[in-house]
Amino acid sequence: MALKVAVNGYGTIGKRVADAIHLQKDMTLVGVAKTRPGFEGRRAVEKGFKLFVAGDGTKEEFERAGISVAGNLLDLLQQSDVVIDATPEKVGAANKPVYDEAKIAAVWQGGEKASVAEHSFNALANYPECFGAKKVRVVSCNTTGLARAASVLRRDFGVQHWEATLVRRAADPGETKRGPINGILPTMSLPSHHGPDVRTIFPDLPIATTAVVVPTTLMHVHVNHVRLARPPSDGGKVLEAFRSTPRFVLFRGSDHLEGTPQVIEWARDLGRPRNDVMENVLWEEGLKLDGEDLYFFQAIHQESIVVPENVDVLRAMFQLESDPLKSIERTDHALGIARVAT
Ligand code: NAD
């Protein structure tokens, strides 16, 4: 029988996760929950998703806006096996007692502290650790990108030391009240919190991160310098390791994908829903091995990179699939990102 999944919080991440769950054969999307009416809630109903009222929202408010609702959050939780919380940072943690009361398994997002759950999750990195878990956190977009890359580098070459500078997008495209719109903001907590967050998955990874925020909404870019423990004879072998791992896309110079605008344009040309790029994006020319020192850039689409992980985490928690690579394949096939020719 298909796993019954609720999604609470229907914004940037929640609407994408709901679509992804809806596409999986072994899962059923019971419904989505939202606090306020608006175009996203209306669209959910138009797509045939059941909409439930959460937080301090009211049924009357939705009905006045002409959006029909199927009940409240508790009704949704009662009909489901698991809830994916995609509410804003800190709201997810505040929802924990509600999920405990409803005796339902829960998945949180990276805006919450690691302590909200039993485990932090990344599909390539620690899938089996979450077998049977009832409370798991899918790590943030930046941490997901770093954890995926770490999975490859640790496995094939070992990591002695890693420094990454995260060039972070200022806001998501729909967030008109965030900035900066002109300026570069260094993140003054040094090193940044991202390194410790990666260590919620790889406790012994010697990684240190710093971050700056820049006026763009498209993607983050990571600038990485990794000292490898077992460096290969040439950088081509590192490229091959990334290329042969799911959820990595590599572009060549001849593709003329100079930066993040072209990556998003590529996703548009593929007809990807919402221009989503759920893979880590690397450039062949943007990777160099100098002795034991590896340098590479990777771009991370913050709005969508965690979406496939929110599917795999359910297969791990409910042991619907014991092999992480098979879960990844099923997820990616359903999402249309299984293997793309670049
Ligand atoms: P968002 O603001 O786009 O969406 C959150 C949604 O939850 C909104 O629709 C909001 O109205 C709704 N909401 C607010 N209070 C609620 C409540 N009490 N109950 C139910 N719904 C409520 O936020 P987002 O960007 O989707 O982020 C969600 C989580 O995902 C956060 O933890 C965030 O840190 C994490 N995350 C965000 C990104 C990103 O780049 N946007 C990337 C990775 C992880």
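None of these values were measured; they are calculated from a predicted model.

Reading the values: the criteria
Residues numbered from 1 in each chain as written. Predicted model: local features only at pLDDT ≥ 70, side-chain atom pairs only at ≥ 80, totals over all residues. Heavy atoms only, no water. Near = heavy atom within 4 Å. Polar contact = N/O pair within 3.5 Å; in protein donor to acceptor, adjacent residues only side chain to side chain. Areas by Shrake-Rupley, 256 points an atom, 1.4 Å probe, with all protein chains shown as cover. Nonpolar A, V, L, I, M, F, W, Y, C, P; charged D, E, K, R; others polar. Domains from an automatic or database assignment. Buried < 20%, exposed > 50% of the residue type's maximum accessible area, 1.4 Å probe, protein only. Helix = DSSP H or I, 4+ residues; strand = E, 2+ residues; numbered from the N terminus. Pairing = 2+ DSSP bridges. 1 Å grid on protein atoms, 1.4 Å probe; cavity = no way out; pocket = protein on both sides within 12 Å on 5 of 7 lines; lining within 4 Å. Points joined across faces, edges and corners; volume = space filled by probe spheres on them. Contact = heavy atoms within 4.5 Å. Core = buried A, V, L, I, M, F, W, Y, C linked by side-chain atoms within 4.5 Å. Axes fitted to C-alpha atoms, helices over the stretch in contact; angles between N-to-C directions. Parallel < 35°, antiparallel > 145°, perpendicular 65-115°, else oblique. Left-handed = near helix turned anticlockwise from the far one by under 90°.

So, on to the site of the ligand. Neighbouring the ligand are 21 residues; T12, I13, G111, R169 and D172 lie closest to it. D172 has a polar side-chain atom sitting 2.6 Å from a nitrogen atom of the ligand. Look at the ligand: alone it shows 820 Å² of surface, and the protein chains cover 81% of it. Looking at the shell around the ligand residue by residue, the classes come out as seven nonpolar, 10 polar and four charged. Both of domain 1 (3–139 + 306–335) and domain 2 (141–300) provide at least three residues apiece to the shell around the ligand.

A few words on the pairing of strand 12 (residues 220–228). The two faces of strand 12 differ: H220, H222, N224, V226 and L228 on one face are buried, but V221, V223, H225 and R227 on the other face are not. For strand 9 (residues 159–169) and strand 12, the ladder comprises eight bridges, and the chain directions are antiparallel. Counterpart to L166 in the pairing with strand 12 is H222. Bridge count between strand 12 and strand 15 (residues 293–300): eight bridges; the pairing is antiparallel. Paired with H220 across the bridge in strand 15 is I300.

Moving on, we come to the layout of surface pockets. Volume-wise, the second largest pocket comes out at about 150 Å³. For the second largest pocket, the full set of lining residues is R16, D19, A20, L23, R272, P273, R274, D276, M278, V307 and L335. The element contributing the most residues to the lining of the second largest pocket is helix 1 (residues 12–22), with three residues. Looking at the lining of the second largest pocket, its residues break down into six nonpolar, no polar and five charged. Residue contributions to the lining of the second largest pocket reach at least three from each of two domains, namely domain 1 (3–139 + 306–335) and domain 2 (141–300).

A separate point is the environment of N72. One can find N72 in strand 4 (residues 71–72). Residue classification places N72 among the partly exposed residues on the basis of a relative accessible area of 36%. In this structure, N72 is in contact with F52 and V53, ignoring residues within four places of it in sequence. One polar contact links the side chain of N72 to the main-chain amide nitrogen of L74, over a distance of 3.1 Å.

I21, V32, F121 and L314 are the most contacted members of the largest nonpolar core, which has 45 residues in total. Per-element accounting of this core gives the leading share, six residues, to helix 12 (residues 307–317). Both domains that furnish three or more residues to this core are identified here as domain 1 (3–139 + 306–335) and domain 2 (141–300). In contact with I21, other than residues within four places in its own chain, are V5, M27, T28, L29, I84, N310, V311 and L314. One finds V152, L153, L228 and L250 within the second-largest nonpolar core, a separate group that totals 31 residues.

A word on the packing of helix 1 against helix 12. A packed helix pair is summarised by two numbers, namely the angle formed by the two axes and the spacing between the axes. Close contact between helix 1 and helix 12 brings their axes to 9 Å; oriented N to C, the two are set at 50°. Comparing the axis directions of helix 1 and helix 12 gives the class oblique. The handedness of the crossing between helix 1 and helix 12 is right-handed. Contacts between helix 1 and helix 12 involve R16, V17, A20 and I21 on the former and, on the latter, V307, N310, V311 and L314. Each residue belonging to the contact of helix 1 with helix 12 can be placed in one class, and the counts come to six nonpolar, one polar and one charged.

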